[in-house]
Amino acid sequence: MYRTIVALILMILPQGVLAQEIKLPQGLSGLSTMPAATTLGEDDGLPFDLSGFIESRIGTRLQNDPYEKQTSIGETRLQIGIEKDFSNLTANLVTDFIYDPVQDNYALNLQTGQGFVDIREANLVFSPFSFMDVKIGRQILTWGTGDLLFINDLFPKDWNSFFVGRDNDYLKAPSDAIKTAFFFGDYNLDIVYTPRFNADRFIDGTRISFFDRARGHLSGRNNPVFAARPDKWFRDDEVALRFYRSFGAYETALYYYNGFWKSPAGQNRTTGQAIFPKLQVFGASVRGPLYRGIASAEVGYYKSAAGAATNPLVRNDEFRFLAGYEQEIAPQFTASVQYYLERKLDYRQYLASLPAAAIVDSRNRHVFTLRLRKLLMNQDMTVGLFNFYSPTDRDGYLRLNISYKITDNLKISAGGNIFYGTRIFSFFGQLKNNSNIFTALHYDF
Amino acid sequence: MNHKIKLLLLLSFLWTVPAVAQAQGVKNPAPLTAMDIVKKANHMSYYQGKDGRATVGMRIIDSQGRTRIRQFVILRKDEGKTDGEQKFYVYFTRPADVKKMVFMVIKHIGRDDDRWLYLPALDLVKRIAASDQRTSFVGSNFFYEDVSGRDINADSHKIVSQNKNYYVIENKPKDPNSVEFASYKSWIHKATFLPLKVEYYDAKGKVLRRYAALKVAMVAGYPTVISSVMENLQTGGKTLMSYSEVKYNIGLPDNIFTERYLRKVPRKYLR
């Protein structure tokens with residue numbers, strides 16, 4: 001029958017010139033059933049899934065910083081990730097073991113990530129109903145549309161890691177939370193409950209020097225910030241909600257947050273200690289294709305603690321806005337731009353409440369970002385640049401990165417974190433003494 | 001040979017026949033045009049079954065013999081009955097630095113695909129700008145378009161020759177500035193309509209890239225290329241691609257291709 005069909009076809013078709021003979025692929029004459037699996041994957045015989053890496057990373061400041069060590073980073077890090085699937089449950093444990101002579105502090109603090117062990121993930125994932133997923137325990141959480149700028153993502157960040165040149169993954173600090181996700185057809189709702197406030201791993205002087213407005217000068221490791229961290233279980237808690245759905249290719253979301261400013265944003269009037277005032281955020285975002293790329297926009301209304309408008313020691317209410325666009329502008333070459341606004345609300349009251357000789361922030365802080373990323377050599381090499389520039393602060397921050405994969409597992413990389421600005425107290429300008437370059441050797445398994 | 005195996009082989013052979021007969025449309029005796037053949041080849045390459053899953057291995061070998069490995073599980077689901085919109089879920093397992101990352105594509109006809117990347121270490125769902133379809137897929141010698149299919153209306157097609165086994169079709173881009181080649185030829189198997197070989201030429205007729213199907217097997221009645229190679233004759237690099245654990249019509253629910261399953265891997269369907 002097979003032959004009959006072929007003959008039939010030959011009869012129907014006008015006879016062309018006989019094509020040059022090519023070799024038929026194996027298995028085509030008298031098609032056979034699929035041979036046994038020929039997977040490349042290794043089954044290492046472990047009762048769980050193991051992954052991780054080991055890396056060494058070293059970096060130096062490009063200038064003398066009277067308040068910090070010359071070495072900006074010098075650490076060896078071993079990450080062990082274990083994942084175990086049970087019938088209706090997945091358990092994850094991702095732990096970093098760190099040897100860090102720069103920090104030189106091995107006392108364990110799992111909240112701040114200080115010490116020789118940092119647990120990144122320790123959670124259980126399960127679906128109690130078909131419309132519901134739950135993740136409980138230590139986890140990394142991200143949402144929103146910004147690229148290295150965040151409005152409605154109020155999960156903890158690790159700014160120290162970001163500025164000293166650790167891998168990008170480390171910008172996200174873990175949360176100890178319960179995430180419950182509901183899926184009702186087109187409408188979805190995420191509820192993240194953090195029973196005890198998880199602050200940012202903020203700039204406190206131990207690694208990165210900064211301008212201390214209370215003291216009126218630069219400050220560093222000899223005088224680190226001891227902030228009054230809200231730490232009462234179930235009272236100093238955080239709730240973050242995201243309600244989202246897609247309209248065709250466009251993704252929209254509404255957000256709500258009730259908790260605290262994630263980095264210190266105020267001072268105790270009597271003790272002068274840095275504090276995390278109460279914060280509520282109401283926001284929205286949209287993301288989707290535009291022209292030849294992806295466009296996004298996000299807004300947020302930051303409602304600070306009661307009385308913030310007239311209290312110079314507590315950060316004001318703010319309106320925040322972000323718009324971004326990304327496009328591939330040449331093969332394997334992507335560019336993206338963002339515009340970001342932080343606008344102080346109640347600005348007149350803010351001005352009126354400031355003490356004489358205090359630093360006066362402008363009403364609006366505008367920031368533009370540019371990201372360029374090029375892949376080379378069969379995508380084994382990546383060259384990247386990210387620049388923040390604020391015309392209102394007249395300052396900025398340039399991140400450079402180049403990496404090359406020597407093998408599938410071994411990667412060498414180098415980069416720089418360059419801060420610039422004209423004023424010692426501005427957002428990025430205050431970090432000028434921390435400009436650094438680094439290099440790393442990284443082995444994945 | 002064991003009788004059972006013989007019987008199996010015979011059965012599998014018999015199964016191919018209805019599929020082949022259907023594909024060739026023997027009920028309609030009108031001669032096949034170049035476009036008919038290209039349509040069938042497109043169907044056989046990218047649209048067999050309503051959905052499917054496969055473990056894909058890639059061995060990327062550069063001109064100096066250095067080898068890189070990629071491995072991922074791919075889930076595919078077709079939208080509608082005509083060969084049009086498709087959804088892909090790609091779960092990476094190798095190399096270690098991309099393990100557990102997910103790449104999701106909704107392929108549209110006539111407009112840019114929608115793409116997402118999920119980075120588990122950041123719990124980040126990233127929307128990716130549509131890229132030139134003729135750039136490398138995951139660093140291999142296969143282009144995005146080779147993996148997900150090229151719009152059959154983007155080229156004009158002509159039967160240039162044939163023999164008992166295959167047709168040779170010459171394809172010329174309607175918009176020559178949109179692609180790196182001047183033309184390409186495809187050798188399409190008459191019985192299965194699988195492309196056996198494809199060669200891309202520059203304006204002088206020099207071969208730029210060459211695809212060859214190396215091994216074909218019957219999977220649930222669908223003739224499937226389970227081993228193939230793409231060579232870049234300019235750089236001297238090549239990529240061997242193998243399919244294993246191929247399944248068709250597994251009943252993939254539509255919601256697999258949503259943010260929910262980017263963040264929470266659908267293990268049941270990846271196994």
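These numbers were taken from a predicted model, which means no experiment stands behind them.

Novice: Could you give an account of the overall build of chain A, with specific residues and numbers?
Specialist: A count of helices and strands for chain A gives 3 helices and 22 strands. Seen along its three principal axes, the alpha-carbon backbone of chain A occupies a region of about 100 × 45 × 45 Å. A buried classification covers 47% of the 445 residues belonging to chain A. Sequence-distant contacts in chain A: of pairs separated by 6 or more residues, those separated by 24 or more amount to 57%. Put simply, chain A shows about 20900 Å² of open surface, and 60% of that area lies on carbon and sulfur atoms. Here chain A contributes 47 positively and 46 negatively charged side chains, and the mean placements of these two sets differ by 6 Å.

Novice: Lay out the packing of aromatic side chains with the relevant residues and their values.
Specialist: Residue and element names in this part refer to chain A. For the coordinates displayed, the defined rule picks out 39 aromatic pairs over all chains. Geometrically, the ring pair formed by Trp-143 and Tyr-255 is tilted, given 6.2 Å between the ring centres and 45° between the ring planes. Of this pair, Trp-143 sits in the loop between strand 5 (132-139) and helix 2 (159-164) while Tyr-255 sits in strand 11 (residues 250-260), and the two are 112 residues apart along the sequence. Pair check on accessibility: Trp-143 and Tyr-255 agree, each one buried. Plain terms: the ring middles of Phe-388 and Tyr-397 are 5.5 Å apart, the flat faces sit at 0° to each other, and that makes the pair stacked. The class for Tyr-397 is buried, based on a relative accessible area of 0%. What links up through ring pairs into an aromatic cluster is the set Trp-159, Phe-162, Phe-163, Phe-386, Phe-388, Tyr-397, Phe-419, Phe-427 and Phe-428. Between Lys-157 and the ring centre of Phe-150, over which it is positioned, the NZ or CZ distance is 4.6 Å. Positioned over the ring face of Tyr-302 is Arg-320, at 4.1 Å from the centre of the ring.

Novice: Describe helix 2 (residues 34-46) of chain B, with residues and values.
Specialist: Residue and element names in this part refer to chain B. Here helix 2 spans 18 Å end to end across 13 residues, near enough to the 18 Å set by a 1.5 Å rise per residue. Residues Ala-34, Ile-37, Val-38, Ala-41, Asn-42, Met-44 and Tyr-46 constitute the buried set of helix 2. All buried residues of helix 2 project into a common sector of 165° when viewed along the axis, lining one side.

Novice: Go over the pairing of strand 2 (residues 71-86) of chain A with me, naming the residues and quoting the values.
Specialist: Residue and element names in this part refer to chain A. The sheet contact formed by strand 1 (residues 49-61) and strand 2 spans 12 bridges and is antiparallel. Bridge pairing in strand 2 links Glu-55 to Arg-77. Note that strand 2 and strand 3 (residues 89-99) share 11 bridges and pair antiparallel. Bridge assignment links Asp-85 to a residue of strand 3, and that residue is Thr-90. The hairpin turn running from strand 2 into strand 3, its antiparallel successor, is 2 residues long.

Novice: Residue-level account of the side chain of B:Lys87, with values.
Specialist: Residues and elements named next belong to chain B. Within the element layout of this structure, Lys-87 appears in strand 3 (residues 86-94). A relative accessible area of 11% places Lys-87 in the buried class. Other than its neighbours up to four places away in sequence, Lys-87 contacts Leu-75, Arg-76, Lys-77, Glu-79, Val-105, Ile-106, Asp-254 and Phe-257.

Novice: Can you lay out the pairing of strand 3 of chain B for me, pointing to particular residues and giving the numbers?
Specialist: Residue and element names in this part refer to chain B. Along strand 3, 7 of the 9 residues are buried, which leaves the element largely enclosed by surrounding structure. Summarising the sheet, strand 2 (residues 67-78) and strand 3 pair through 8 bridges and their orientation is antiparallel. Bridging across to strand 3, Lys-77 finds its partner in Lys-87. Inspection of the sheet shows strand 3 paired to strand 4 (residues 102-107) by 6 bridges, in the antiparallel sense. Across the sheet, Gln-86 pairs through a bridge with Lys-107, a residue of strand 4.

Novice: Tell me about the confidence of the model for chain A, and name the residues and values.
Specialist: Residues and elements named next belong to chain A. For chain A, the average pLDDT comes to 90, and 92% of its residues sit at 70 or higher. Here residues 5-20 scores under 50 on pLDDT; set against residues more than four positions off or in separate chains, the count is 37 contacts. Predicted confidence for residues 38-42 stays below pLDDT 50, and this span has 16 contacts to residues more than four positions away or in other chains.

Novice: Residue-level account of the pattern of salt bridges, with values.
Specialist: Under the defined criterion, the tally for this structure stands at 54 salt bridges over all chains. Where B:Asp114 meets B:Arg127, a salt bridge forms, and the shortest distance between an N and an O atom there is 3.2 Å. With B:Asp114 in strand 5 (residues 114-119) and B:Arg127 in strand 6 (residues 124-128), the pair connects residues that are 13 residues apart, well separated along the chain. Taking the shortest distance from any N to any O, the salt bridge between B:Arg150 and B:Asp155 comes out at 2.8 Å. The class of B:Arg150 is buried, set by a relative accessible area of 16%. Each of A:Asp49, A:Glu83, A:Asp85, B:Lys99, B:Lys100 and B:Arg267 takes part in salt bridges that share partners, so that together they form one network.

What counts and what doesn't
- Residues numbered from 1 in each chain as written.
- Chains lettered and ligands numbered in written order.
- Predicted model: local features only at pLDDT ≥ 70, side-chain atom pairs only at ≥ 80, totals over all residues.
- Heavy atoms only, no water.
- Helix = DSSP H or I, 4+ residues; strand = E, 2+ residues; numbered from the N terminus.
- Buried < 20%, exposed > 50% of the residue type's maximum accessible area, 1.4 Å probe, protein only.
- Contact = heavy atoms within 4.5 Å.
- Areas by Shrake-Rupley, 256 points an atom, 1.4 Å probe, with all protein chains shown as cover.
- Lys, Arg positive; Asp, Glu negative; His and termini not counted.
- Charge placed at Lys NZ, Arg CZ, Asp CG, Glu CD.
- Phe/Tyr/Trp six-rings, centres within 6.5 Å; stacked < 30°, edge-to-face > 60°.
- Lys NZ or Arg CZ within 6 Å of the ring centre and 35° of its normal.
- Expected span 1.5 Å × (residues − 1).
- Arc of directions from axis to C-beta.
- Pairing = 2+ DSSP bridges.
- pLDDT = per-residue confidence, 0-100.
- Salt bridge = Lys/Arg side-chain N within 4 Å of Asp/Glu carboxyl O.

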